[in-house]
Amino acid sequence: MSRSVLVTGGNRGIGLAIARRLQAAGHQVTVTHRSGDAPEGLKGVICDVTDADSVDAAFKAVEADQGPVEVLVSNAGITDDTLLLRMSEESFTKVLDANLTGAYRVSKRAASGMLRKRWGRLIYISSVVGLTGGAGQVNYSASKAGLVGVARSIARELGTRNITANVIAPGFVDTDMTRALTDKQREAIIAQVPAGRYGTVDEIADVVGFLASDSAAYINGAVIPVDGGLGMGH
Ligand code: NDP
């Protein structure tokens with residue numbers, strides 16, 4: 001069945017692969033982007049998840065074009081890494097606002113339409129470091145851990161209405177975000193990964209595709225690692 005899908009931050013990286021994967025499965029897909037044009041072959045809407053008015057305007061545009069959002073992929077995210085003693089409060093709140101409060105904003109906006117439809121899928125792109133922590137990532141890890149609380153609370157609130165809320169915790173994936181790391185940092189990370197390599201954007205997108213499908217109806221409040229074994233045991 002074709003669903004109305006919105007992917008935040010779907011103009012590049014993991015979000016773009018997710019959008020293409022869901023479109024290939026036959027869904028109607030719109031991605032958010034903050035500037036420029038939508039990626040080729042995809043519908044786009046301008047949206048900054050740190051701004052509630054911008055989120056509302058984006059949802060209105062999607063609703064007019066393809067109907068209420070049935071599958072929401074909350075993927076938009078940023079890093080601003082530095083060690084705790086150097087981390088400013090501004091850096092902490094900026095990352096929380098984009099990664100965690102942003103997810104709350106889009107979830108709340110999507111949930112009313114899902115409740116009316118009595119069907120919905122909320123999928124959050126967290127991170128392995130949300131569960132393991134990461135040196136230099138107090139802000140980012142906190143935001144990604146927070147997504148687990150968001151998803152599990154929504155699962156409890158809306159589970160009887162055929163609405164599921166699940167979290168994917170990717171390990172290190174080759175995108176602009178990780179290209180900012182030095183070769184030395186990259187080698188050190190790969191040495192810790194049982195798979196011995198970074199993940200690909202498609203390996204994350206495939207799991208989102210499954211969670212959005214009818215086969216995943218009984219998976220709710222789950223945290224699914226897609227990390228080559230990096231976070232095993234958490
Ligand atoms: P990229 O840096 O390649 O892309 C980030 C995306 O988020 C962009 O589309 C960006 O939009 C968007 N975005 C950032 N801030 C906002 C905002 N305020 N409002 C709307 N959109 C915003 O990152 P990845 O593709 O690597 O990451 C995607 C998600 O996966 C993130 O949540 C990240 O934390 C998570 N993740 C990534 C991992 C990795 O190794 N790459 C590992 C684990 C998790 P714009 O183009 O306008 O900047």
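Keep in mind that this is a model prediction, so the values were computed, not measured. (Residues numbered from 1 in each chain as written. Predicted model: local features only at pLDDT ≥ 70, side-chain atom pairs only at ≥ 80, totals over all residues.)

Asker: So what's going on with the nonpolar core? Residues and values would help.
Answerer: General note: in soluble globular proteins, nonpolar side chains tend to be found buried as a group. The biggest cluster of nonpolar side chains holds 58 residues, and the ones touching the most others in it are I18, L72, I123, Y124, I204 and V208. If you tally residues by element for this core, the top one is helix α3 (residues 89–117), at eight residues. Setting aside its immediate chain neighbours within four residues, L72 contacts L6, V106, S107, A110, L122 and I123. (Core = buried A, V, L, I, M, F, W, Y, C linked by C-beta atoms within 7 Å. Buried ≥ 20, exposed ≤ 12 C-beta atoms within 10 Å, placed from the backbone. Helix = DSSP H or I, 4+ residues; strand = E, 2+ residues; numbered from the N terminus. Contact = placed C-beta atoms within 7 Å.)

Asker: Can you break down the site of the ligand residue by residue, with the values?
Answerer: Near the ligand, the surroundings consist of 30 residues, among which G9, G13, R34, G77 and T175 are the closest. Secondary structure elements with two or more residues in the shell around the ligand: α1 (13–24), β2 (28–33), α3 and α6 (176–179). Classifying every residue of the shell around the ligand gives eleven nonpolar, 15 polar and four charged. (Near = placed C-beta within 6 Å. Nonpolar A, V, L, I, M, F, W, Y, C, P; charged D, E, K, R; others polar.)

Asker: How would you explain the UniProt feature "domain: Ketoreductase" (unreviewed entry) in the chain if you had to name every residue and give the values?
Answerer: The UniProt feature table records "domain: Ketoreductase" (unreviewed entry) at residues 3–176. With 47% helix and 18% strand, residues 3–176 has end C-alpha atoms that lie 29 Å from one another. (UniProt positions renumbered as here; feature names shortened; annotations may be inferred.)

Asker: A description of helix α8 (residues 201–212) should follow, citing residues and the corresponding values.
Answerer: For α8, with twelve residues, the first-to-last C-alpha span of 17 Å sits near the 16 Å given by 1.5 Å per residue. When we look at burial in α8, the residues that qualify are V201, I204, A205, V208, L211 and A212. On an axial view of α8, the arc spanned by its buried residues comes to 115°, and they lie on one face. Where α8 is buried, its residues meet α1, β4 (71–74), β5 (120–125), β6 (163–170) and β7 (223–226). (Expected span 1.5 Å × (residues − 1). Arc of directions from axis to C-beta.)

Asker: Report on the packing of helix α2 (residues 52–66) against α3, specifying residues and quantitative values.
Answerer: It is at 10 Å that the axes of α2 and α3 come closest, and there the two elements cross at 40°. The two elements α2 and α3 meet at a crossing, and its hand is right-handed. Where α2 approaches α3, its residues A52, V55, D56 and F59 are matched on the opposing element by R105, V106 and R109. Of the residues assigned to the contact of α2 with α3, the class counts are four nonpolar, no polar and three charged. (Axes fitted to C-alpha atoms, helices over the stretch in contact; angles between N-to-C directions. Left-handed = near helix turned anticlockwise from the far one by under 90°.)

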